[in-house]
Amino acid sequence: MRKPHKSKKKRIAKTIGKAPGADGYVGQKFRETTDIEIQDYSKEGVHVIKTNNVEDAFKFKTTDQITWINVNGLNHTEEISKLGHYYGLHPLVMEDILNTDHRPKVDEYEDYFFVVLKMLYFNKDEQFTVEHISLVLGKNYVLTFQESEEDIFDSVRSRIANPESRIRMFGADYLAFALIDTIVDNYFAVIEDFGEKIEALEDQVFNENPDDETPKSIQFLKREVLKIRRSVFPLREVISRIEKSENPIIEERNRDYYRDTYDHVIQINENIEIYRDMVWGLMDMYMTTVSNKMNNIMKVLTIIATIFIPLTFIAGIYGMNFEHMPELHYKYSYYILWAVMVLVFLGMLYYFRRKRWL
Amino acid sequence: MRKPHKSKKKRIAKTIGKAPGADGYVGQKFRETTDIEIQDYSKEGVHVIKTNNVEDAFKFKTTDQITWINVNGLNHTEEISKLGHYYGLHPLVMEDILNTDHRPKVDEYEDYFFVVLKMLYFNKDEQFTVEHISLVLGKNYVLTFQESEEDIFDSVRSRIANPESRIRMFGADYLAFALIDTIVDNYFAVIEDFGEKIEALEDQVFNENPDDETPKSIQFLKREVLKIRRSVFPLREVISRIEKSENPIIEERNRDYYRDTYDHVIQINENIEIYRDMVWGLMDMYMTTVSNKMNNIMKVLTIIATIFIPLTFIAGIYGMNFEHMPELHYKYSYYILWAVMVLVFLGMLYYFRRKRWL
Amino acid sequence: MRKPHKSKKKRIAKTIGKAPGADGYVGQKFRETTDIEIQDYSKEGVHVIKTNNVEDAFKFKTTDQITWINVNGLNHTEEISKLGHYYGLHPLVMEDILNTDHRPKVDEYEDYFFVVLKMLYFNKDEQFTVEHISLVLGKNYVLTFQESEEDIFDSVRSRIANPESRIRMFGADYLAFALIDTIVDNYFAVIEDFGEKIEALEDQVFNENPDDETPKSIQFLKREVLKIRRSVFPLREVISRIEKSENPIIEERNRDYYRDTYDHVIQINENIEIYRDMVWGLMDMYMTTVSNKMNNIMKVLTIIATIFIPLTFIAGIYGMNFEHMPELHYKYSYYILWAVMVLVFLGMLYYFRRKRWL
Amino acid sequence: MRKPHKSKKKRIAKTIGKAPGADGYVGQKFRETTDIEIQDYSKEGVHVIKTNNVEDAFKFKTTDQITWINVNGLNHTEEISKLGHYYGLHPLVMEDILNTDHRPKVDEYEDYFFVVLKMLYFNKDEQFTVEHISLVLGKNYVLTFQESEEDIFDSVRSRIANPESRIRMFGADYLAFALIDTIVDNYFAVIEDFGEKIEALEDQVFNENPDDETPKSIQFLKREVLKIRRSVFPLREVISRIEKSENPIIEERNRDYYRDTYDHVIQINENIEIYRDMVWGLMDMYMTTVSNKMNNIMKVLTIIATIFIPLTFIAGIYGMNFEHMPELHYKYSYYILWAVMVLVFLGMLYYFRRKRWL
Amino acid sequence: MRKPHKSKKKRIAKTIGKAPGADGYVGQKFRETTDIEIQDYSKEGVHVIKTNNVEDAFKFKTTDQITWINVNGLNHTEEISKLGHYYGLHPLVMEDILNTDHRPKVDEYEDYFFVVLKMLYFNKDEQFTVEHISLVLGKNYVLTFQESEEDIFDSVRSRIANPESRIRMFGADYLAFALIDTIVDNYFAVIEDFGEKIEALEDQVFNENPDDETPKSIQFLKREVLKIRRSVFPLREVISRIEKSENPIIEERNRDYYRDTYDHVIQINENIEIYRDMVWGLMDMYMTTVSNKMNNIMKVLTIIATIFIPLTFIAGIYGMNFEHMPELHYKYSYYILWAVMVLVFLGMLYYFRRKRWL
Ligand SMILES: [Mg+2]
Ligand SMILES: [Mg+2]
Ligand SMILES: [Mg+2]
Ligand SMILES: [Mg+2]
Ligand SMILES: [Mg+2]
Ligand SMILES: [Mg+2]
Ligand SMILES: [Mg+2]
Ligand SMILES: [Mg+2]
Ligand SMILES: [Mg+2]
Ligand SMILES: [Mg+2]
Ligand SMILES: [Mg+2]
Ligand SMILES: [Mg+2]
Ligand SMILES: [Mg+2]
Ligand SMILES: [Mg+2]
Ligand SMILES: [Mg+2]
Ligand SMILES: [Mg+2]
Ligand SMILES: [Mg+2]
Ligand SMILES: [Mg+2]
Ligand SMILES: [Mg+2]
Ligand SMILES: [Mg+2]
Ligand SMILES: [Mg+2]
Ligand SMILES: [Mg+2]
Ligand SMILES: [Mg+2]
Ligand SMILES: [Mg+2]
Ligand SMILES: [Mg+2]
Ligand SMILES: [Mg+2]
Ligand SMILES: [Mg+2]
Ligand SMILES: [Mg+2]
Ligand SMILES: [Mg+2]
Ligand SMILES: [Mg+2]
Ligand SMILES: [Mg+2]
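Please read these numbers as outputs of a predicted model, since none were measured by experiment. (Residues numbered from 1 in each chain as written. Chains lettered and ligands numbered in written order. Predicted model: local features only at pLDDT ≥ 70, side-chain atom pairs only at ≥ 80, totals over all residues. Heavy atoms only, no water.)

## Focus: the overall build of chain A
- On a plain count of helices and strands, chain A comes out with 10 helices and seven strands.
- Scaling as 2.2 N^0.38, a compact globule of 358 residues should have a C-alpha radius of gyration of about 21 Å, whereas chain A reaches 35 Å, well beyond that.
- Summarising the internal contacts of chain A: among those between residues at least 6 apart in sequence, 67% fall at separations of at least 24.
- By element, 53% of the accessible surface of chain A is carried by carbon and sulfur atoms, the whole surface being about 14,800 Å².
- Taken as two groups, the 46 positive and 55 negative side-chain charges of chain A have centres that lie 6 Å from each other. (Helix = DSSP H or I, 4+ residues; strand = E, 2+ residues; numbered from the N terminus. Rg over C-alpha atoms; globule rule 2.2 N^0.38 Å. Contact = heavy atoms within 4.5 Å. Areas by Shrake-Rupley, 256 points an atom, 1.4 Å probe, with all protein chains shown as cover. Lys, Arg positive; Asp, Glu negative; His and termini not counted. Charge placed at Lys NZ, Arg CZ, Asp CG, Glu CD.)

Have a look at this one:
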């Protein structure tokens, strides 16, 4: 059963002034059950468990094996609460797991890291999707909390399944790195797609005929680049703080991996800034095109009016009905007048060509 | 009795060059009495006292219970002064309690914190309201000073009334956190409302017909976003300095709560920056729309003029009264002329269509 | 006797490449005598001395009383030099006392602080005035050097006269604070006046008819806001460095007062930035108004031309003098033509209304 | 055999979520063999070896001589991998050697530095080329990895060949400096060429007739300046971190050389910022030119229309066919009318000249 | 003999990839000889020596007297090289002495400071000149290297000649200060001149008639302000690093002097930023003026067209040749028509006045 969407305003109003704790899911994805997927592994082997019962996930807290508990669905807040209490999560952490509007961040508690991220991807229906994901990294376990079942972690799942892989040799911190790195790698794909949209719009502005809808499309891209920027920008500090942390949860040899992801985040931010400059520039380019078109329109009007208005005046003169107009009676007047008018016409053409309007 | 508003200029002039102290209320909200509301509580129970006599609030300074003394009304400066002296507040603190223009800040004194904030809310009449609020956090008490009775703290009052709540277990620093957190949570509601106004205006600019009033509305939004920004921006440092302070008034376990509020402040500032960019962009969008309309107007003029001016010239030619104009006497001249004019007309249409003006 | 103004260029050329020292007054206010006003006070009493002889100010250097020596007039550089030498001022300090173009700063010497400030005020003739003022704060004395007699320190003088005032209890550092604080308080009045000018101009741009003079006024405001900004911006660092200095000249209990002034400086800078944004926005608003007016002008032209040019063409047709034009002889032709023209006219009106041009 | 280009999208998709390691060449330059050029030298002499077999490069790891191993071609990833494993490179380093999109950076490992740079140059066909180059600096060796054979290091090769040169006296860190310095020196040539393009475009905008293609050229330059900026900007930090590193690989006496290159990088960045400002300004200049042309067009139209429309009206009056129009019968009417029209004409000319339109 | 100018491109190409050293003069001022001017002085007296032989300058390296060796002309690089070797300068320092494109900087070596500056001045022919100058400050000597003979140091020379001057009492660090201070003082004169140019252009834009050349002048000023900025901006760090250096070459008592110069550099940078804002604003002002002129042109056209087009239409009606047009035969028709046309004319005038177009 899917609950009807509440207006965002009401969602926020609901949480104002409340005590912190896991009772304020503000997202809009409602699932009937909370699906839990557990990967419990060591060098020797892997156990994969899928369940709807949160209590099935309790026993992994203290085992030596590395455990990844992935929770899909955040609307059954009491389930999240139970799991959080068992794993000793702070009420503020539980609040943020449910607050899908929260910006990316990392909080370091005594025996775990709490990381909030945005997963950006094109879903099965090719829709651009921003999904709130939180990750708890403890000594031997990683908890991930997602809003919907779909995700981008299949490559991690298959690396866990492979007994030769580095992920099977290393600890929970390497698993967390692999998940975060996969999220970051996806940003490249997303912003690349974005870059293609910008280039298409640039072509439209410059080469084809931009129309009155073009500014709306530019405005839409502006909005989108701000949205991506907002999801990615804070990651810089997040990754850097994990890498520099002195908490023994992060093994020395794994810091290099986090530093590598940090490089990627820097590069993505740089690309976003460049795209941002390009989108901002698009509007200027559009205005330039509009101005140029205006100039061309005015040139046509001016050429026509400047040529024919004087000629029409001359014709008007000889359309007057005065009794005494000697030219009217002269035999070659009409032919002379035509000659004069052709000369005026040619003079105008010459003038416009010299001004490079023609 | 309500005193008449003074012009702001006089208000400020009044305080120039004076020695610091509690005698310069510069706000504009005048109340007949200073209403004091006291919540004195511990795990065991709560006492609520409402009084107009500032001396009723003296006895709570040294009791073990946690006490929240909320003062409504700042115009009776001598009352504020009495309370301040009793609680040992610095003359500069008393000055700032009354200076409703003061920006948010925190000052750490030996035995108390002094915090200045802006409370933003929609009041009973749905008016957007900015209220100056100052907060003094001592070992076992919190003093709050507001200009008017209305506030946004009812959720805190009911949490105090609830014997199970965390607020009843923790100290005055947690009470102060709860009050500040409530103020910050309200910012989300306020900027969300602001976002809706921006979107309405964007729709107006792009889809409906923007009129000459539109730039005024954009200008008004610009002003409002600067006002909100100014109230919220300094909070970043305020909260961070409380959280990082080594003063024992802030218990170790409560720092996490302040850090959580810090997260919210960062997020609000980020949202404000995005809204700011959007409002700034609105004016550009409006100018684009105006330019496009101009282009369309000029196209109509040019098409009409370019078609009919040459035709009128031709008609003018044959309206001339020369005696010797052979065409006038030829039988089919009139019909041939119509044919020529229709051809010119169609040629023009073809030209405009090829230029994509039609 | 008032010396004639030199061009600024020459004033500066005069000082290029010279050795540092008190011989380069670059200001433009010349007085016949150097007026010295001395306030020598302690808790017990006050002596006020007015003199033109700089040597009358020598004896206060080492007395226990607090002494404020206020020097009006900087053009008699040899007098300034004598006083400076007696009080042990560095040649560079004496140079900067006379350099009225110098930006605000503080220099800490072993036994005194040297502070350069700008005093902004509306003088007796309501002219906006920027006056260079320098202040030397020693253990028991404060020297102030002003260009002209007028200043804004009367409130400080009356506080010194009042035996109950804090200024009489505290040291020279508190006197310096009181002077600086008075200068800063005046900035509020100045920028408030500035804000009113901006609002008046905004009204003019939006509601009344802006004219060709409006951009000049906007440009003038831009210039003025830059001038104020330049006087106020460096104060941030000046006050902060005094407050944080470990020099025993600044008593511990007085740091709070300097910090309070620091708050004010921050707030003023914030206000200036907001005014700056507003002035910058004014030009955009003006351009928008101009564009809108252009659109309206073009609409009128287009409507008139588009209605009458085709009608005139039709009239032209039946003004032709062909022998064989059957319509001319038909009895109701004229009435039918009127009907057609009225229809064309109404059709055009309908078209313009549908385009919302009417 | 040259593999077909993949679309960039697919290239990136290929690497998402993979474990780090040397298997993801994302560039577009494919070579049949991996060409290796080895310069092994000391004060005494130089050995130059060219080979396609990566194993020929193994023996130089531990010799006392300085060795520069330059690898051309990155598509045979297994060869790179072999070399990397032998020289003990981290899998993340091998990944970045192949990731030709990577921004410039330096990573310091225990026994080597890993540096990523962009080599900008005009190739044999005078095409502007950006080539990804990575450099590994160990105690006695330098490895460089390039995409294509062409490079800009011939001057370094000839300095190695010269037994008198400083490069032969100093260590591997000086060799690395010489290579980086050569890359940086080339940036000067590239941005100089860029500056010439800007100036040509400025001339076009101001002096010759800018056309509708001009904004496209400006846009193209904008894009190019962003591309260069992106390659050069991060170098600042790269060089500074090498210079400040405490790793004994960098000899004390060679730090001055790195600092010198740092100076050059700062200067290049400064130049790029100036060019950037200039390119941004070009669009404004173009718009100004377009506006001026519009003004001139409108002036011509207005002058013509304003002169002839009233004259045509007068002619129209006397073309009316009323029976009772006394002027028509007066003998000198026609001449008087001409006089009036000439006067109107002259009056208009005078008016336009006074307005400085003529 | 003066060598022909090389194109800049070739100059730079010449230095790419070369080993550092004094063999790459890239400037464009060639002198036949290298002129050396030596001032060797102490409290007791001064020796002034002028020579073309660089070896005459060797003996001053170790004497107790303070020596200023000023070298004019950088094209005889082997001479510079000889002097540099004798004074123990690093090859990188010698390279930078000759690299006249180098930005201002300071390098601290063990026994000397190396300072690069730009000397800005109006030369004998009143041309604005930027001259590269480098300064080496050792324990007892100062070396300066200039491109051409002309400089701005005459005031320093006369202070050295004066036995009473501070320069004669203090060390080489004070001499270096005096030289740098003189350079900085000249910046004030240069930017003041620049300010006057801006104001002249502002007057032109607002009051007189700006023409099509105006944007070029604005663009030229933009370029010039960037050039000055570039020479002055880095000085901030240069002076600050000398002042804060712990090298004993800088005497404690002289730090105050460097700090004073630092103040001046800050003030100059501030002024440049203000001028920069003003120049940037000039283009906006120009565009505003252009728009206003366009509006006025369009108003004239619209007024004329709107008045006469309908009137011409009416005249056209009664110029038609229909047989049956009753009005034509009515006796007062012509007079009535005139009355109608005058009424239409007056109505239009009234309409335009109400719209404030007249
Ligand atoms: Mg809350
Ligand atoms: Mg999901
Ligand atoms: Mg990655
Ligand atoms: Mg990497
Ligand atoms: Mg940027
Ligand atoms: Mg703009
Ligand atoms: Mg005060
Ligand atoms: Mg209230
Ligand atoms: Mg909150
Ligand atoms: Mg939270
Ligand atoms: Mg900002
Ligand atoms: Mg930004
Ligand atoms: Mg922006
Ligand atoms: Mg000087
Ligand atoms: Mg004064
Ligand atoms: Mg104050
Ligand atoms: Mg205060
Ligand atoms: Mg600013
Ligand atoms: Mg701004
Ligand atoms: Mg990867
Ligand atoms: Mg290559
Ligand atoms: Mg170099
Ligand atoms: Mg160098
Ligand atoms: Mg810049
Ligand atoms: Mg710019
Ligand atoms: Mg070099
Ligand atoms: Mg010279
Ligand atoms: Mg100076
Ligand atoms: Mg000074
Ligand atoms: Mg700036
Ligand atoms: Mg600006």
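## A look at helix α10 (residues 333–354) of chain A
- Helix length check: α10 of chain A (22 residues) gives 31 Å between terminal C-alpha atoms against 32 Å at 1.5 Å per residue, within 8%.
- Buried within α10 of chain A we find Ser333, Tyr334, Leu337, Met341, Met348 and Phe352 of chain A. Projected down its long axis, α10 of chain A shows its buried positions confined to an angular sector of 95°, all on one face. Opposite the packed face of α10 of chain A, turned more than 90 degrees from it, sit the exposed residues Leu343, Tyr350, Arg353 and Arg354 of chain A.
- At its buried positions, α10 of chain A is contacted by α9 (255–317) of chain A together with α9 (255–317) of chain B.
- Looking at the residues trailing α10 of chain A, positive phi occurs at arginine 356 of chain A, about 60°. (Expected span 1.5 Å × (residues − 1). Buried < 20%, exposed > 50% of the residue type's maximum accessible area, 1.4 Å probe, protein only. Arc of directions from axis to C-beta.)

## A few points about helix α7 (residues 214–232) of chain A
- In a regular helix each residue adds 1.5 Å, so 19 residues correspond to 27 Å; α7 of chain A covers 27 Å between its end C-alpha atoms and thus fits that length.
- Within α7 of chain A, the full set of buried residues consists of Thr214, Pro215, Ile218, Gln219, Leu221, Lys222, Glu224, Val225, Leu226, Ile228, Ser231 and Val232 of chain A.

## A look at the packing of aromatic side chains
- If you walk through the whole model with that rule in mind, you get 105 aromatic pairs over all chains.
- When the centroid spacing of 5.0 Å and the interplanar angle of 65° are considered together, the rings of phenylalanine 170 of chain D and tyrosine 174 of chain D count as edge-to-face.
- With relative accessibility at 14%, the residue phenylalanine 170 of chain D sits in the buried group.
- Here phenylalanine 322 of chain D and tyrosine 334 of chain E contribute two aromatic rings whose centre-to-centre distance is 6.4 Å and whose plane-to-plane angle is 50°, an arrangement assigned as tilted. With phenylalanine 322 of chain D in the loop between α9 (255–317) and α10 (333–354) and tyrosine 334 of chain E in helix α10 (residues 333–354), this pair bridges two chains. The exposure classification of phenylalanine 322 of chain D matches that of tyrosine 334 of chain E, with both residues buried.
- Ring-pair connections join several aromatic residues into one group, and the members of that group are Phe170, Tyr174, Phe177, Tyr257 and Tyr258 of chain A.
- One cation-aromatic arrangement involves lysine 222 of chain A over tryptophan 280 of chain A; the distance from NZ or CZ to the ring centre is 4.7 Å. (Phe/Tyr/Trp six-rings, centres within 6.5 Å; stacked < 30°, edge-to-face > 60°. Lys NZ or Arg CZ within 6 Å of the ring centre and 35° of its normal.)

## Thoughts on the sheet that holds strand β3 (residues 66–72) of chain D
Residue and element names in this part refer to chain D.
- Spatial strand order, β2-β1-β3-β7-β6-β5-β4: seven strands in an open sheet with mixed pairing. A single partner strand is all that each edge strand has here, and the edge strands are β2 (46–51) and β4 (105–108). If you compare each strand with its neighbour and ignore which way they point, the axes differ by 15° on average.
- Relative to β2, strand β1 (residues 35–41) runs antiparallel, the two sharing six bridges. Within β2, the residue paired with tyrosine 41 across the bridge is valine 46.
- Lying on the sheet, helix α7 (residues 214–232) is in contact with β5 (112–122) and β6 (128–138); it crosses β6 at an angle near 5°. (Pairing = 2+ DSSP bridges. Axes fitted to C-alpha atoms, helices over the stretch in contact; angles between N-to-C directions.)

## Section: the coordination of the magnesium ion (ligand 29)
- Protein coordination at the magnesium ion (ligand 29) comes from Asp96 of chain C (OD), Asp96 of chain C (OD) and Asp260 of chain E (OD), with a distance range of 1.8 to 2.6 Å. With aspartate 96 of chain C in helix α3 (residues 91–98) and aspartate 260 of chain E in helix α9 (residues 255–317), this pair bridges two chains.
- According to the relative accessible area criterion, aspartate 260 of chain E is buried, its value standing at 4%. (Donors = N, O, S within 2.8 Å, 3.2 Å for Na, K, Ca; no water.)

## Let's talk about the interface of chain A and chain D
- With 63 residues of chain A in contact, the opposing surface of chain D contributes 64 residues.
- Interface area for chain A against chain D, summed over the two sides, is near 5,600 Å², with a carbon-plus-sulfur share of 61%.
- Summed over the three residues of chain A that lose the most area to chain D, namely Glu192, Phe313 and Phe322 of chain A, the buried surface amounts to 12% of that side.
- Counting the contacts that link chain A with chain D gives four salt bridges.
- For arginine 103 of chain D, the salt bridge identified is with glutamate 270 of chain A, shortest N-O distance 2.5 Å. (Buried area = accessible area lost by both parts, 1.4 Å probe. Salt bridge = Lys/Arg side-chain N within 4 Å of Asp/Glu carboxyl O.)

## So, the pattern of salt bridges
- What the rule picks out here adds up to 110 salt bridges over all chains.
- The residue glutamate 202 of chain C makes a salt bridge to arginine 223 of chain B at a minimum N-O spacing of 2.1 Å. Residue glutamate 202 of chain C is found in helix α6 (residues 172–206), and its partner arginine 223 of chain B is found in helix α7 (residues 214–232); the two belong to separate chains.
- With a shortest N-O distance of 2.6 Å, arginine 157 of chain C and glutamate 37 of chain C are connected by a salt bridge. In this pair, arginine 157 of chain C sits in helix α4 (residues 154–161) while glutamate 37 of chain C sits in strand β1 (residues 35–41), placing the two residues 120 residues apart along the sequence.
- Arginine 157 of chain C gets classed as buried once you look at its relative accessible area, which sits at 16%.

## Some remarks on the UniProt feature "transmembrane region" (unreviewed entry) in chain A
Residue and element names in this part refer to chain A.
- Here, the residues flagged by UniProt with the feature "transmembrane region" (unreviewed entry) are residues 300–320 and 332–352.
- What you have in residues 300–320 is 86% helix and 0% strand, and the ends, taken at the C-alpha atoms, are 30 Å apart.
- A distance of 31 Å separates the end C-alpha atoms of residues 332–352, which is 95% helix and 0% strand. (UniProt positions renumbered as here; feature names shortened; annotations may be inferred.)

## Examining the relation of the copies chain A and chain D
- Of the transformation placing chain A onto chain D, the axial shift is 0.0 Å and the rotation is 72°, giving an RMSD of 0.0 Å. In the structure described here, the two chain copies are related by an operation that fits a five-fold rotation axis. Of every C-alpha in chain A, the one belonging to glycine 319 of chain A sits nearest the axis of rotation, 4.6 Å from it.
- Taken as a fraction of all interface residues of chain A, those also at the interface in chain D reach only 17%, which identifies the copy contact as different-surface. (Least-squares fit on C-alpha atoms with pLDDT ≥ 70 in both.)

## A closer look at the domain arrangement of chain A
- Examined at the domain level, chain A breaks down into domain 1 (6–289) and domain 2 (299–354).
- Measuring from the centre of the C-alpha atoms in domain 1 of chain A to the corresponding centre in domain 2 of chain A gives 76 Å. (Domains from an automatic or database assignment.)

## Observations regarding a negative patch on the surface
- A surface patch of like charges, here negative, comprises Asp284 of chain A, Asp284 of chain B, Asp284 of chain C, Asp284 of chain D together with Asp284 of chain E.
- The residue aspartate 284 of chain D is located in helix α9 in this model.
- On the basis of relative accessible area, aspartate 284 of chain D is assigned to the partly exposed category, the value being 45%. (Patch = residues over 30% accessible without salt bridge, like charges linked within 9 Å, V, L, I, M, F, W, Y side chains within 5 Å.)

## Overview of the environment of glycine 281 of chain D
- Within the secondary structure, glycine 281 of chain D is located in helix α9.
- Sequence spacing of glycine 281 of chain D and glutamate 202 of chain D is 79 residues, and the spatial spacing of their C-alpha atoms is 9.6 Å.

## Quick look at the interface of chain A and chain B
- Taken together, the contact pairs 64 residues of chain A with 63 residues of chain B.
- Summing both sides of the interface, chain A and chain B together bury roughly 5,600 Å²; the carbon and sulfur share of this comes to 61%.
- On inspection of chain A and its partner chain B, the count reaches four salt bridges.
- Breaking the side of chain A that touches chain B down by element, the ones donating at least two residues are α1 (8–15), α3 (91–98), β4 (105–108), α7, α9 and α10 of chain A.

## A few points about the sheet that holds strand β2 (residues 46–51) of chain A
Residues and elements named next belong to chain A.
- Taken in spatial order, the seven strands of this open sheet run β2-β1-β3-β7-β6-β5-β4, and their pairing is mixed. Each end of this open sheet is capped by a strand with a single partner; those strands are β2 and β4. Within the sheet, the average angular offset between the axes of one strand and its neighbour, ignoring direction, is 20°.
- Where β4 meets strand β5 (residues 113–122), four bridges bridge the pair, whose relative direction is antiparallel. Bridging from a neighbouring strand, aspartate 107 pairs with phenylalanine 114 of β5.

## Side note on the environment of arginine 166 of chain B
- Here arginine 166 of chain B lies in helix α5 (residues 166–169).
- The exposure class assigned to arginine 166 of chain B is partly exposed, which follows from its relative accessible area of 23%.
- Between the C-alpha atom of arginine 166 of chain B and that of proline 20 of chain B, which follows or precedes it by 146 residues, the distance is 39 Å.
- Aside from chain neighbours lying at most four places away, what touches arginine 166 of chain B is Ala19, Pro20 and Pro91 of chain A together with Tyr174 and Tyr257 of chain B.
- Within the local environment of arginine 166 of chain B, its side chain forms a polar contact with the side chain of tyrosine 174 of chain B, the two groups lying 3.4 Å apart. (Polar contact = N/O pair within 3.5 Å; in protein donor to acceptor, adjacent residues only side chain to side chain.)

## Topic: the arrangement of the chains
- For the non-touching pair chain A and chain C, the nearest C-alpha separation works out to 9 Å.
- In this assembly chain B lies apart from chain E, the nearest approach of their C-alpha atoms being 9 Å.

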